[in-house]
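Residue-level structure breakdown
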Amino acid sequence: MSMTKRGIGVSEVSGGDALLFLTDEQLRQGIEAMYFAYRGFTSAPDAILEGIDYGRAHHRALHFIARVPGMNVKRLLEILGVTKQSLNRVLRTLIEDGLVDSRVGHQDKRERHLYLTEKGATLEAQLSDAQRRQMRAAYRTAGPEAVAGFRQVLEAMMEPRMRATYGSLRDGGA
């Protein structure tokens, strides 16, 4: 038995499992939708960041430091997937501008643990509020089944190591 749902071919196979058949054109459209969605998702924070000479790397650092206060630099480096040199430039400006506080580790004095200052928390909230509003509106429009499917697609696109990192953050772990 075969059926089409929203232009995507779905074929029933034994055991009730459904196989998804996508054309190259449908995949291209999905790729382009991701590009345009990301552009829309970052436009409001980009406008704020442009006014203070920061970029998306600064926003991502602020986001994850807010998410896990006290995160060490090594963990942030792993999450962001940038070079040590690049992260050091970003952190140096955030620290110099009074947005991030870097504290010596209690157990290992070589470690640096990162915290947002009040000023940093204010900027992070400003950057993220627009994105939360946009996600909330999109989720409401799409509905709960679409939201669950969207998360499944995003998680399936992650490399296994990043999926584990995402899972630990999602579950409240550092």
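Structure report, in brief. (Residues numbered from 1 in each chain as written. Predicted model: local features only at pLDDT ≥ 70, side-chain atom pairs only at ≥ 80, totals over all residues. Heavy atoms only, no water.)

1. Some details on the packing of helix 2 (residues 56-67) against helix 4 (residues 84-96)
Helices that pack against each other are described as a pair by the angle of their axes relative to one another and the distance between those axes. Their axes nearest at 10 Å, the elements helix 2 and helix 4 cross at an angle of 70 degrees. Comparing their axes, helix 4 and helix 2 come out roughly perpendicular. Residue-level contacts link Ala57, His58, Ala61, Leu62 and Ile65 of helix 2 to Val90, Leu91, Thr93 and Leu94 of helix 4. Tallied by class, residues from the contact of helix 2 with helix 4 come to seven nonpolar, two polar and no charged. (Axes fitted to C-alpha atoms, helices over the stretch in contact; angles between N-to-C directions. Helix = DSSP H or I, 4+ residues; strand = E, 2+ residues; numbered from the N terminus. Parallel < 35°, antiparallel > 145°, perpendicular 65-115°, else oblique. Contact = heavy atoms within 4.5 Å. Nonpolar A, V, L, I, M, F, W, Y, C, P; charged D, E, K, R; others polar.)

2. Here's the deal with the nonpolar core
Generally speaking, soluble globular proteins have nonpolar side chains that are buried together. Counting 21 residues, the largest nonpolar core has Leu62, Phe64, Leu76 and Leu94 as the members making the most contacts within it. Counting residues per element, the ones that place at least two in this core are helix 2, helix 3 (73-80), helix 4 and helix 5 (118-142). (Core = buried A, V, L, I, M, F, W, Y, C linked by side-chain atoms within 4.5 Å. Buried < 20%, exposed > 50% of the residue type's maximum accessible area, 1.4 Å probe, protein only.)

3. Quick notes on the environment of threonine 165
Inspection of the secondary structure assignment puts threonine 165 in helix 7 (residues 160-170). For threonine 165, a relative accessible area of 7% gives the class buried. Aside from chain neighbours lying at most four places away, what touches threonine 165 is Arg75, Glu78 and Ile79.

4. Side note on unusual backbone geometry
Located in the positive-phi region is aspartate 53, a residue other than glycine, with phi close to 60 degrees. In this fold, aspartate 53 is placed in the loop between helix 1 (24-50) and helix 2.

5. Re the pattern of salt bridges
Any two side chains of opposite charge can pair, so long as their charged atoms come close to each other. Going through the model one piece at a time under the given rule, you end up with eight salt bridges. The partner of glutamate 78 in a salt bridge is arginine 75, and the shortest N-O contact between them spans 2.8 Å. Pair noted here: glutamate 78 and arginine 75 are both in helix 3, with a separation of three residues, about one helical turn. A relative accessible area of 31% places glutamate 78 in the partly exposed class. Across the pair aspartate 171 and arginine 170 runs a salt bridge whose closest N-O atoms are separated by 3.3 Å. (Salt bridge = Lys/Arg side-chain N within 4 Å of Asp/Glu carboxyl O.)

6. Describing a nonpolar patch on the surface
Residues Leu20, Leu22 and Leu27 make up a contiguous nonpolar surface patch of roughly 270 Å² in combined accessible area. On the secondary structure map, leucine 22 appears in the loop between strand 3 (18-21) and helix 1. When its relative accessible area of 37% is taken as the criterion, leucine 22 is described as partly exposed. (Patch = residues over 30% accessible without salt bridge, like charges linked within 9 Å, V, L, I, M, F, W, Y side chains within 5 Å. Areas by Shrake-Rupley, 256 points an atom, 1.4 Å probe, with all protein chains shown as cover.)

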